[in-house]
Each structure stands twice: as C-alpha cells, then as structure tokens.
Amino acid sequence: MQDILIISDLHLSRDRPATINLFLRFLEEQAKSAGHLYILGDLFDAWIGDDDITPPVPHILTALQDLSTKGCALSIMHGNRDFLLGKAFAEATGCNLLPDPATVDLFGTPTLLMHGDLLCSDDEEYLQARKLLRSEAFIADFLARSIEERQLLAAEYRQRSGEVVSLKPADIMDVNQRTVEGYMREQGVQQLIHGHTHRPALHQFELEGMPARRYVLKDWHETAGSYIRINSEGITQATFQ
Ligand code: MN
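Scope of this entry: the structure provided in the associated data block. (Residues numbered from 1 in each chain as written. Predicted model: local features only at pLDDT ≥ 70, side-chain atom pairs only at ≥ 80, totals over all residues. Heavy atoms only, no water.)

**A look at helix 8 (residues 177-187)**
Considered for burial, the residues of helix 8 that qualify are T179, V180, E181, Y183 and M184. Positive backbone phi, approximately 65 degrees, marks G188, located one or two places after helix 8. (Buried < 20%, exposed > 50% of the residue type's maximum accessible area, 1.4 Å probe, protein only. Helix = DSSP H or I, 4+ residues; strand = E, 2+ residues; numbered from the N terminus.)

Structure below.
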C-alpha cells in the first residue's frame, strides 16, 4: 500500500508565487509517488467561485489533475477561506470533496479529519458568521453576482473579519478541548488530524480511558510546507523545502 500524505492551509494566492511553486514541486516530488493526498482546507487564500479562473488558478488546477490522473487519489476539504470550492473544481481536478468532519481509515487507524475551525468553539461570533456564510441563501446570492463584485465583497469581508485579516496564530482562537473530545467520541475515533489554527503540534491525551492523539498541521510559507506522512511504519510530521 502506498503512503498517504496530508497537508493543510497552503493559502495559495497570486501574491505568494513562491508558495505556489513550493506546492507544485511538492506534488511532483512527494505526492506523485503517494497513494492518496488529503488537503484539509484553505488550499486557497480565497475562492470566490469555480468560474473565477484568473491566474494562477489554471496552473494549479492542471497540476492537481495531472496528479489525480497519474494515480494518486485526491481528497480536498473546504477551509473557511475556500468553502466555495464546488463541483466544477472537483471535476477539473479529479478530486473528491470531503465533508468536514470526515472519518477515514489510515493504515488501519480510524481517523477524524477536520479543517479545524469547527473546533474553535470559544469564538461564538465566528461560528455564527460561518453558519450565515455557508447558508444556501447566502451562497446562491453571492454566486449570482459578477466576479468583480464578488472580489470586492470578499475583500470587504476580509477587512472586517479578524481571522481573515491576519494569518498570525494569535489572532485565531485555539481549539476547545471539550469540543475536540465531543467530535472524536461522536465518531468513535482516537485520532484526529486538522489544520486551521496554525499551531503545529501533536497533543496526546486520554479519551474513553484510552490514549488519544490530535495532530495539528502547520500552515505553508514561501520556503517550507508542513505535511504528515502515513505508512505501515506509522505517522510522521515532516517539512518539505
Ligand atoms: Mn482556516
């Protein structure tokens, strides 16, 4: 069985070409020989609809499609910044859009995968805004606007929302441990992997009287991308440079 790779929070955007190049090289040098690549949200720093294909989007779509047609399964979860990734994106890349949360089998270990924002339950204001932004009515209204109008609205929202203004972890609330345990218990898993908080770590604790683990992925930068590799030997957290 081939290795499984998991990444999150690349925040790809036109303004950060070095991170895009790092990601394209990661696909080439690491993902191509893997069996499955999971991207746990915020692949893009912003996504205002599948019909906005201004550069560098086409380049990234082609690279993802190339990966999935060469035999690496591709599963992508929505993040809080790219939750509008839709059917056309999935078709163009050959990816499977994963629900959040999703439980998957990683070399025999049932594992809960999440973006992570749902775990930050102390930020009630954010969770309320999240509900509104992801409501069918809001999405339908937003997608019916022109690309220019959507770009303006997204920029406006970015200015208003604390989380979106800054990528500093200090501005993103951390997870609530009870919420973490609630999701894990509900799904009957002892292992959770997520991103979003930009606080990379391995947290070990006890759940239902058994050892439990929560892996947090680091966000990507110009010169370094964090990833998790899973194979028959176990799980390793690594950095791609
Ligand atoms: Mn996020």
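**Section: helix 4 (residues 124-133)**
Those residues of helix 4 not exposed but buried are Y126, R130 and L133. Considered in projection along helix 4, the buried side chains sweep an arc of 70 degrees and stay on one side of the axis. Facing away from the buried side of helix 4 by more than 90 degrees, the exposed set consists of E124, E125, Q128, K131 and L132. (Arc of directions from axis to C-beta.)

**A few points about the coordination of the manganese ion**
Here the manganese ion is held by the protein donor atoms D42 (OD), N80 (OD1), H115 (NE2) and H196 (ND1), which lie 2.1 to 2.3 Å from it. The sequence pattern describing where the donors of the manganese ion fall on their chain is D-x37-N-x34-H-x80-H. Taken together, the residues D42 in the loop between strand 2 (36-39) and helix 2 (57-69) and N80 in the loop between strand 3 (73-77) and helix 3 (87-93) connect sequence positions 38 residues apart. Exposure remark for D42: the relative accessible area of 0% places this residue in the buried category. (Donors = N, O, S within 2.8 Å, 3.2 Å for Na, K, Ca; no water.)

**A closer look at the sheet that holds strand 10 (residues 225-231)**
Sheet strands pair by backbone hydrogen bonding; their relative direction is either parallel or antiparallel. Strand order in the open sheet made by the six strands is 4-3-2-1-10-11, with mixed pairing throughout. The sheet terminates laterally at strand 4 (96-98) and strand 11 (234-240), the two strands that pair on one side only. Across the sheet, the axes of successive neighbouring strands diverge by a mean angle of 25 degrees, strand direction being ignored. Where strand 1 (residues 4-7) lies against strand 2, four bridges are found, and the strand directions are parallel. (Pairing = 2+ DSSP bridges. Axes fitted to C-alpha atoms, helices over the stretch in contact; angles between N-to-C directions.)

**Re the state of the cysteines**
Counted by the stated rule, this structure contains zero disulfides. Here C72 stays free of any disulfide, with the sulfur of C95 as its closest cysteine sulfur at 12 Å. The exposure class of C95 is buried, given its relative accessible area of 10%. (Disulfide = S-S within 2.5 Å.)

**Things to note about the pattern of salt bridges**
Counting across every chain of the model gives 15 salt bridges. Ionic pairing is found between K32 and D66, a salt bridge with its closest N-O pair at 2.9 Å. Taken together, the positions of K32 in the loop between helix 1 (17-29) and strand 2 and D66 in helix 2 put the pair 34 residues apart, joining distant regions of the chain. Judged by its relative accessible area of 25%, K32 is partly exposed. Owing to a relative accessible area of 26%, D66 belongs among the partly exposed residues under this scheme. For R81, the salt bridge identified is with D45, shortest N-O distance 2.6 Å. (Salt bridge = Lys/Arg side-chain N within 4 Å of Asp/Glu carboxyl O.)

**Here's the deal with the packing of aromatic side chains**
Applying the stated rule across the entire model yields eight aromatic pairs. Ring geometry for F44 versus F89: centroids 6.2 Å apart, planes at 85 degrees, classification edge-to-face. On the criterion of sequence distance, the pair formed by F44 in the loop between strand 2 and helix 2 and F89 in helix 3 is long-range, its members being 45 residues apart. In this structure F44 comes out as buried when scored by relative accessible area, which is 3%. Geometrically, the ring pair formed by F138 and F142 is stacked, given 6.0 Å between the ring centres and 15 degrees between the ring planes. With a gap of four residues between them, F138 and F142 both fall in helix 5 (residues 136-143), about one helical turn apart. An aromatic cluster of at least three residues, connected via ring pairs, comprises F23, F26, W220, Y227 and F240. (Phe/Tyr/Trp six-rings, centres within 6.5 Å; stacked < 30°, edge-to-face > 60°.)

**Describing the pairing of strand 11**
For strand 10 and strand 11, the ladder comprises seven bridges, and the chain directions are antiparallel. Across the sheet, residue N231 finds its bridge partner in strand 11, namely G234. What sits between strand 10 and strand 11 in their antiparallel hairpin is a turn of two residues.

**Some remarks on the sheet that holds strand 6 (residues 109-114)**
The five strands lie next to each other as 5-6-7-9-8, forming an open sheet whose pairing is mixed. What marks the edges here is a single partner per strand, and that holds for strand 5 (102-106) and strand 8 (201-207). Ignoring which end each strand starts from, the neighbouring axes of this sheet average 25 degrees apart. Taken together, the five bridges between strand 5 and strand 6 define a ladder with antiparallel strand orientation. In the strand pairing of strand 6, T103 is matched with L112. In this fold helix 8 packs onto strand 5, strand 6, strand 7 (191-194), strand 8 and strand 9 (210-216), with an angle of close to 65 degrees to the strand it touches most, strand 8. (Contact = heavy atoms within 4.5 Å.)

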